[in-house]
Amino acid sequence: PVQVQLVVPMAVVFGPGSVPGDLPRPLPFRDVKEMEISVNLRTSVTSRYEMRYRSTTAQEEAALAAATPREADAALYPLQDTTLGSLTMYVVPETSSLLPQGIDVYVGKHRSALVRAGGSLAALQARLREVAQVMSFTASSIAAALSERVPDGQLSPDARRNLKSSLGYEITFSLLNPDPKSHTVDWDIEGAVNRFVKPVLDKLSLVANFSVDSQILYYAVLGVTPRYDKESSSFLLSAHSLPHVINPVEARLGSSAASLYPVLNFLLYVPERSHSPLYIQDKDGAPVSTNAFHSPRWGGIMVYNVEGPASPQASLPLHVDVDMARVMEVFLAQLRLLFGLSWEEVPPEFLLESPGNEGLADWELDHLLWAHTVENIATVSTTLTSLAQLLDKIGNIVIKDDVASEVYRAVASVQSAVTELSLGHLLAAFQASKEAVTSSERAFFDPSLLHLLYFPDDQKFAIYIPLFLPMAVPILLSLAKIVRETRLRKKEPTKMD
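Residues numbered from 1 in each chain as written. Predicted model: local features only at pLDDT ≥ 70, side-chain atom pairs only at ≥ 80, totals over all residues. Heavy atoms only, no water.

As annotated in an unreviewed UniProt entry, the protein carries the name PIGS transamidase and is attributed to Vidua chalybeata. What UniProt records for the protein under Pathway (unreviewed entry) is the sentence "Glycolipid biosynthesis; glycosylphosphatidylinositol-anchor biosynthesis." Comment text from UniProt for the protein, heading Sequence similarities (unreviewed entry), reads "Belongs to the PIGS family." (UniProt positions renumbered as here; feature names shortened; annotations may be inferred.)

Next up, the structure:
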């Protein structure tokens, strides 16, 4: 059974006038809160929040006197513990004007939050637990990471949307121009990737290696003919027809066949002139504001409508310059969804600071690392169990020294990852879990362990008996005859002359 303990080091810092009256002992003191996340009968994950309560320092007090929460967050950043996986909560008085009206929690860009004091310590702790789950991991994010171990009916539909943990990902941006006679489309994809995508991938480089490429495909059409709507004089793609759009296009993309890693496809589709303008409808028949949709673990498609020519006599093809800022905004939102970084589950009294052009906040990076570390540990335990079962089945299998050392390394790295998690060292745990995945995969996919190289004994008999039996019959009969003759010779009395 896999027993994993996730430890979150958490500092709770009381600003002036925010200390609850019912503290059990004077500041500073420590406290521990534990929660069990049950995955299935054999696997459970314990989350343990190690809280250090203290008062603000003079510098922190000055930072909390800022006019806006954003300024306070920026001023507090150099003063706090910024190790991966750690959290700092600054408690402000209930009457504080630092947080806007109706907002009880402000989550910054880094690893800290401003929290309005809830009167009693119990109310404050309940709020802190909620914030800590948003900023580190929830029961549902851990269940999604362990989705293969969770019984089918217990997973939310969104849990299957997140990408599986991998050592690398390939991102492909494709421009589909089905009607080059009518449109010459230009997109500055290189500039857009450097400006919008690179800052996000630089931040995610801790999680995995990324490669980005782009392509333009001509005469590539969607697999569904859109419906013409007279009222709006436009063409519509309904929600139920969207799954059928992907397969014919995917046949043209051709990138996933040669890839070792999961491929994320982002497609920009410029509709042909005969189907323009083209709009996507949601399940209720309302137009989708972004004119885009995403497919879990695959990528996303955005439809980019082109203004028709001002006069019917305009010469074709029309020249189109794609507004890359608008397109990349949609693709980056889809990328966040695929990595499970959506803000849909956040309570209304929470205000989350936009991460800006970095694409994701520091605590969101931690969110990914927690989930991927747990998933990696589970993957390695599954891989090594499968390998052990294979070796048990084939008694005469030869295990080479290099395969054995990879297995030992995988086991040691998994144990190290579990230990580091229980110490609250997220980065070290994640790196150890990555090494464990690499070693276990190397051992599992080693060519010498291919079970087809080893025949069961009954197969060997089935193959060799038809070859040797016809030859063995005359040999055995000859041997029997020789034995008989020898016996007869011994019985006969020797003749005396």
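Now that the structure is up, let's keep going.
**Q** Requested: an account of the UniProt feature "transmembrane region" (unreviewed entry) in the protein, with residues and values cited.
**A** Those residues carrying the UniProt feature "transmembrane region" (unreviewed entry) are residues 461-483 in this numbering. Taken end to end, residues 461-483 is 100% helix and 0% strand, and its first and last C-alpha atoms sit 28 Å apart. (Helix = DSSP H or I, 4+ residues; strand = E, 2+ residues; numbered from the N terminus.)

**Q** Any chance you could break down helix 6 (residues 243-253) for me, citing the residues and the numbers?
**A** Buried within helix 6 are the following residues: Val245, Ile246, Val249 and Leu253. Along helix 6, the residues classed as buried sweep out an arc of 85° about the axis, all on the same side. More than 90 degrees from the buried face of helix 6, the exposed residues found are His244, Asn247 and Ala251. Of the residues flanking the end of helix 6, it is Gly254, one or two places downstream, whose phi is positive at about 65°. (Buried < 20%, exposed > 50% of the residue type's maximum accessible area, 1.4 Å probe, protein only. Arc of directions from axis to C-beta.)

**Q** Explain helix 10 (residues 426-444) to me, using residue names and the numbers behind them.
**A** When the terminal C-alpha atoms of helix 10 are compared, their 27 Å separation across 19 residues agrees well with the 27 Å that a helix rising 1.5 Å per residue should span. If you check which residues of helix 10 are buried, you get Leu426, Ala429, Phe430, Ala432, Ser433, Ala436, Val437, Ser439, Ser440 and Ala443. Buried positions along helix 10 lie against helix 8 (362-393) and helix 9 (401-423). (Expected span 1.5 Å × (residues − 1). Contact = heavy atoms within 4.5 Å.)

**Q** An account of unusual backbone geometry is needed here, citing residue identities and associated values.
**A** A cis amide bond links Leu27 to the next residue, Pro28, at an omega of -10°. Within the secondary structure, Pro28 sits in the loop between strand 1 (3-14) and strand 2 (29-38). Even without a glycine there, the phi angle at Tyr219 is positive, about 60°.

**Q** Can you lay out the sheet that holds strand 11 (residues 234-237) for me, pointing to particular residues and giving the numbers?
**A** Across the sheet, which stays open at both edges, the 3 strands sit in the order 10-11-13 with mixed pairing between neighbours. Each edge of the open sheet carries a strand with a single partner, namely strand 10 (227-229) and strand 13 (278-280). Mean inter-strand twist for the sheet, computed between neighbouring axes without regard to direction, equals 40°. Bridging between strand 10 and strand 11 involves 3 bridges; their strand directions are antiparallel. The partner of Arg227 across the bridge, within strand 11, is Leu236. (Pairing = 2+ DSSP bridges. Axes fitted to C-alpha atoms, helices over the stretch in contact; angles between N-to-C directions.)

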